[in-house]
Amino acid sequence: MCGIVGYVGTKKAYPILINGLTALEYRGYDSAGIASMENGKICVMKDKGRVSNLNNIPGLNDLTGTIGIAHTRWATHGMPSKENSHPHMDNSETFAVVHNGIIENYNELKAFLSDNGYHFLSQTDTEVIPNLIHYYFSKETSDNKFLAAVQKATADLKGSFAIEVLSNLYPDKMIVVRKDSPLVIGKGSEGFHIASDIPALLEYTRDFYLLNDYEYTVIENSSIKFYDKNLVEHEKEIKNIEWAASAAEKNGFDDYMLKEIHEQPTAIRETIGSRLKLGEACNFSDINISKEYLSTINKIFIVACGTAMHAGLTGKKFIENLCNIPVEVDVASEFRYRNPIVNEKSLCIFISQSGETADTIAALKLCREKGAKTLAVSNVIGSSITREADYTIYTHAGPEIAVASTKAYTSQVVLLGILAVYFAEILESVDTETINNIKKDILELPSKIETSLKTADQMKELAKKIYTEKDMFFIGRGVDYNVALEGSLKLKEISYIHSEAYASGELKHGPIALIEKGITVISILTDEALVEKSISNIQEVITRGAKTIIITNLDLSNAGFENVVKVEETNPLLSPILSVIPLQLLSYYISKEKGLDVDKPRNLAKSVTVE
Ligand code: M6R
């Protein structure tokens with residue numbers, strides 16, 4: 001969950017590197033560092049703290065090198081400190097490395113290197129890499145010594161890595177390689193830019209090389225060469241990515257999260273794209289699932305983490321309701337270790353905004369081994385998960401920078417909804433009228449989201465009243481329970497307020513013991529079929545002294561509740577897309593009232609590439 005940046009070109013490297021690190025800070029922000037090639041010698045500057053601290057390091061502005069590597073860290077092995085910051089060098093200070101990922105066998109490698117006379121200055125797993133490169137380099141006799149040494153060193157690594165390597169002995173060269181951690185190379189007008197993700201480079205280029213695992217890349221001046229695992233050179237296609245550079249900027253909003261909340265109408269419109277039109281069958285020509293295949297499926301698994309898993313819970317309702325196929329939803333970190341009963345009659349769907357979440361990718365690989373077909377839902381073109389899956393469908397939410405996911409979640413729910421309609425059309429599992437009605441409702445979502453966004457002032461006022469609280473509850477039934485889970489996660493992650501989400505009907509089975517005078521209970525109430533039961537649950541907590549906030553699309557004017565927040569009516573299956581928005585806003589404003597860093601909450605990173 002660290003961010004890495006690199007540059008090989010004709011401009012001064014260090015401002016480009018710092019700019020890239022700033023864009024990647026959402027991936028980790030406890031330490032930062034750069035290495036620039038200065039007159040044939042690697043110069044490393046690093047420290048704990050945010051990227052902006054690098055500007056305080058004496059001599060930074062004197063760097064003139066045009067080739068460099070950089071890193072922003074999310075600590076895994078060793079506390080944030082200068083010694084543990086990247087870049088790391090080997091003992092002879094010949095090789096410098098930045099690394100994102102985890103080297104699982106680093107203790108073993110450390111012991112091996114120690115036996116061979118190497119010593120270590122940090123507690124990191126990364127420091128074994130430059131030393132291993134040095135070890136193999138000193139034994140290498142081939143012409144292509146640098147590349148061969150990097151290849152041998154990385155062949156010894158277990159776990160995940162995206163690395164950039166510089167060497168004093170090859171001052172014009174950089175070698176990069178990845179395995180299970182993201183890395184892209186952009187071709188700009190003034191050089192090659194390397195980064196952990198595409199948005200960090202959009203201001204320089206839209207042309208990208210998306211590296212495969214163990215694809216060794218050597219960049220030297222204006223040349224770039226790609227080699228496979230056995231160092232056989234090959235050509236590589238460059239991909240043009242359509243995202244606008246402004247999509248990765250704040251565009252006048254105080255924070256990325258607020259901007260991304262407000263981008264939801266556009267994100268949904270783009271995700272619907274040409275997939276769904278009234279009077280036409282859904283268009284999934286990119287995956288083209290046949291009736292023969294779909295008819296053999298007796299179970300669908302949806303696997304994901306965090307917010308993406310919450311989107312999956314609503315996906316389950318869509319598929320079960322429209323396609324009549326049972327669906328199991330699981331968090332990836334549990335699923336992969338529970339020996340799930342998956343076989344060739346299972347279709348396994350994996351949802352990941354980043355497409356880089358380690359547990360989700362591992363779960364996908366497991367299902368593939370068990371003979372199931374796999375389908376990835378991702379927001380990042382060419383991300384790791386999309387390269388592993390049999391089928392991929394993309395949300396088109398644009399880059400999501402804030403750690404707290406908002407527009408990706410609603411886009412995932414919409415795309416799963418359209419996928420369920422597509423399956424239902426293939427299987428002819430529901431009548432045409434039902435299909436047409438839901439299509440109409442999906443197409444109306446972008447304008448209905450605008451109404452949900454208008455609750456911003458109300459949510460800001462509510463935030464002022466409750467931001468000092470220590471505990472809160474979220475309750476709901478059916479899809480409203482899914483929204484309760486998501487609202488509670490959003491609150492925890494950016495406001496650091498403890499909260500629990502419960503299915504309303506479960507309250508009486510224990511949690512109601514925690515309800516006491518003055519506690520806030522946030523209730524989501526959108527399904528008319530469940531309204532009476534849900535209202536009873538709200539009354540039960542009010543009777544015990546709770547204050548309530550109710551997110552609803554129903555007319556509750558005669559019920560006498562305080563703090564009713566209205567969203568628009570829609571098909572009950574789609575209501576999470578409208579009712580989650582006031583909760584996203586509430587968390588945002590609570591975090592602001594508390595003076596917290598909304599976009600970079602403590603201990604978290606956007607892309608969880610460690611297990
Ligand atoms: O990139 P992914 O969708 O795979 O990420 C999954 C979770 O880590 C992510 O949704 C996380 O829960 C968010 N920070 C929630 O806002």
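Residues numbered from 1 in each chain as written. Predicted model: local features only at pLDDT ≥ 70, side-chain atom pairs only at ≥ 80, totals over all residues. Heavy atoms only, no water.

**Focus on the site of the ligand**
So, step 1. Residues in close proximity to the ligand total 15 residues, the closest being Ser352, Gln353, Ser354, Thr357 and Glu493.
So, step 2. Val403 is positioned with one of its backbone polar atoms (N or O) 3.0 Å from a nitrogen atom of the ligand.
So, step 3. In the environment of the ligand, an oxygen atom lies 2.8 Å from a nitrogen or oxygen atom belonging to the backbone of Ser405.
So, step 4. In the complex, 91% of the free accessible area of the ligand, which totals 410 Å², lies under the protein chains.
So, step 5. For the shell around the ligand, the residue count by class is 6 nonpolar, 7 polar and 2 charged.
So, step 6. Two domains each donate at least three residues to the shell around the ligand, and these are domain 2 (250-452) and domain 3 (456-593). (Near = heavy atom within 4 Å. Polar contact = N/O pair within 3.5 Å; in protein donor to acceptor, adjacent residues only side chain to side chain. Areas by Shrake-Rupley, 256 points an atom, 1.4 Å probe, with all protein chains shown as cover. Nonpolar A, V, L, I, M, F, W, Y, C, P; charged D, E, K, R; others polar. Domains from an automatic or database assignment.)

**Description of the domain arrangement of the protein chain**
So, step 1. Split into domains, the protein chain comes out as domain 1 (3-242), domain 2 (250-452) and domain 3 (456-593).
So, step 2. Centre-to-centre separation of domain 1 and domain 2, based on C-alpha positions: 34 Å.
So, step 3. At the interface, 12 residues of domain 1 touch 9 residues of domain 2.
So, step 4. For the domain 1 and domain 2 pair, buried surface summed over both sides reaches about 890 Å², with 58% attributable to carbon and sulfur atoms.
So, step 5. When residues of domain 1 are sorted by the area they lose upon contact with domain 2, Tyr26, Asp180 and Leu210 head the list and together hold 39% of the total.
So, step 6. There are 4 residue pairs in polar contact (both at pLDDT 80 or more) connecting domain 1 and domain 2.
So, step 7. Classifying every residue of the side of domain 1 that touches domain 2 gives 8 nonpolar, 2 polar and 2 charged. (Contact = heavy atoms within 4.5 Å. Buried area = accessible area lost by both parts, 1.4 Å probe.)

**Re the sheet that holds strand S10 (residues 191-195)**
So, step 1. In space, the 8 strands of this open sheet follow the order S3-S2-S4-S1-S10-S9-S11-S15, with antiparallel pairing throughout. Edge positions in the sheet fall to strand S3 (41-48) and strand S15 (239-240), since each has one partner strand and no second.
So, step 2. Here strand S9 (residues 184-188) pairs with S10 via 5 bridges, running antiparallel. Directly across from Lys187, in S10, lies its bridge partner Phe192.
So, step 3. Set on the sheet, helix H1 (residues 13-24) makes contact with strand S1 (3-9), strand S2 (31-38), strand S4 (67-73) and S10; between it and S1 the angle comes to about 155°. (Pairing = 2+ DSSP bridges. Helix = DSSP H or I, 4+ residues; strand = E, 2+ residues; numbered from the N terminus. Axes fitted to C-alpha atoms, helices over the stretch in contact; angles between N-to-C directions.)

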